[in-house]
Amino acid sequence: MHHGLALDLAHLPQLLKCVQDQATSFLDRVAERPVVPLAQPPQEVPLPERGVGARGGMRDFVERWEPALSASAGPRYLGFVTGGVTPAALAGDWLTAVADQNVMSSADDTGQRLEHETIAWLRELFGLTREHQGTFVSGATMSNTVGLAIGREWVGERLGVSVAEAGVAALGPVRVLSGSPHSSVPKGLSMLGLGREALASVPTLPGREAVDPMALEAALAQSDTPCIVVANAGTVNTGDFDDLRAVAALRGRYDFWLHVDAAFGAFAALSPAEAHLVEGLDLADSVCVDLHKWLNVPYDSAVQFTRRRDLQARVFQNAAAYLGPLGDVPDCVHLTPENSRRLRALAAWFTLRAYGREGYREIVERCIACARSLAASLEQIPELRLLAPARLNVVCFTLADDPTPARLAGLARELADQAFLTPTVYDGVPALRAAFSNWRTTDADVLTVIEALRAKFAATTAGPGSS
Ligand SMILES: *Cc1c(COP(=O)(O)O)cnc(C)c1O
């Protein structure tokens, strides 16, 4: 054994203690450090011929890279839709690397069984049916892509071809209808050979991002072959929801696969006051839920649920003599694009075991309350304009005067010490968004953001970015 490895192995307990100290010091400061640091990332250095050992690596990381890291695990990183890591999820994630299981085959089954227990908990959390089988994937993009792949196979089944065997050319064009799809949907369609142009945008309700069910019906009526509908439960701009019941009811008259992108919106099911937003989620053929957002587990984690595991296995089966036959309950290796993969379920298992439904209800309701409180306070600032009501956990707003992308970027930059907000364009208007999904965020953080904004507008009557 290389002497560096032997030395680290001999001192493993001290090394892990040093990792613990480093982790504690990072997390102790995560709420105070600049949310987006201005420090430049370090220069890249060449591959070392001789190593410095794990302790040396730690020193180098802390000195060169750590100062440039954002506080994305902290309470005021409100850009995109970003979750943190609960204490129990962190424990689960550390132990995932410790045990280093490959969750793929029943030849070594415990990992798959733990994943199965976790999926059953999640299915219950989101009010899905027992027919919804689930699989862990790396994120919502992959979950949407797997759902669309199963939908593609389903369209093939309707037309009497197996896309998995004959290829997508045997299928002819497939229409994919959606009101306000996430950008990962066209990306998935590109990967699946259906093409981005397969996506037909369906009009939304006036002043909303939710699909107009009548317009969807009109689009379905124009289709003489089976198609795929992507319904959206929680849009990234404004947290808007399609009427899932109304969309699902159209299946009585039209032949389509219903995929629901509920990446973060599925968590509305946890709050009795908001659960109506996801009524009908259980009617979907496939469902995407992200876990590294509102479940607050580390990247990369999401779940893909489907009622048609047989079609899923047709698409993703990995036939090999040493992996055994497919069987009635296909191994994980036959269900997603990956073959080998980590025990991704463990962080989710830990945090659900630790805090339960009740704990998650508290996180979700607190995040929603923070979003609404930010929205209400923004309305008191004359220089700002709210673009949509805070329906769930996203606040979308802009400058009352001359909201150019450059002026908004300037405003976001000036807030960067206090909070991270990301730009968007909503209904043609350049805007900023704040999304609340971190378990650490409280009222005090909302106040910090509001005070930073008030101070900004008090300091200059001319407005941001005007210099
Ligand atoms: C975040 C998000 C995605 C993509 O998720 P990744 O985890 O980044 O792959 C898809 N759909 C919606 C609605 C999202 O919010």
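The structure displayed is predicted, hence computed values, not measured ones. (Residues numbered from 1 in each chain as written. Predicted model: local features only at pLDDT ≥ 70, side-chain atom pairs only at ≥ 80, totals over all residues. Heavy atoms only, no water.)

Peer 1: Provide a residue-level description of helix α5 (residues 110-125), including the pertinent values.
Peer 2: Under the 1.5 Å per step criterion, the end-to-end length of α5 is 23 Å for 16 residues, consistent within 8% with the ideal 22 Å. Every buried residue belonging to α5 is among Gly111, Gln112, Glu115, Thr118, Ile119, Leu122, Arg123 and Leu125, and all of these are buried. Down the axis of α5, the smallest arc covering the buried residues is 145 degrees, so these residues share one side. Residues of α5 that are exposed and angled more than 90 degrees away from the buried face: Thr110, Arg113, His116 and Glu124. Close packing links the buried residues of α5 with β1 (133-137), β7 (302-306) and α12 (345-378). One or two steps after α5, the chain reaches Gly127, where phi turns positive at roughly 70 degrees. (Helix = DSSP H or I, 4+ residues; strand = E, 2+ residues; numbered from the N terminus. Expected span 1.5 Å × (residues − 1). Buried < 20%, exposed > 50% of the residue type's maximum accessible area, 1.4 Å probe, protein only. Arc of directions from axis to C-beta. Contact = heavy atoms within 4.5 Å.)

Peer 1: Which residues make up the layout of surface pockets, and what values do they have?
Peer 2: Roughly 770 Å³ of volume is contained in the largest pocket. What lines the largest pocket is a set of 26 residues, among which Phe26, Leu27, Ala73, Val85 and Leu90 lie closest to the centre. When contributions to the lining of the largest pocket are tallied by element, the ones reaching two or more residues are α2 (12-28) and α4 (87-99). The leading source of residues in the lining of the largest pocket is α2, at five residues. By residue class, the composition of the lining of the largest pocket is 16 nonpolar, seven polar and three charged. As a volume, the second largest pocket reaches approximately 480 Å³. If you go around the second largest pocket, you meet 25 residues; those closest to its centre are Val81, His182, Ser183, Val236 and Lys293. Those elements giving two or more residues to the lining of the second largest pocket turn out to be α6 (140-159) and β10 (422-426). (1 Å grid on protein atoms, 1.4 Å probe; cavity = no way out; pocket = protein on both sides within 12 Å on 5 of 7 lines; lining within 4 Å. Points joined across faces, edges and corners; volume = space filled by probe spheres on them. Nonpolar A, V, L, I, M, F, W, Y, C, P; charged D, E, K, R; others polar.)

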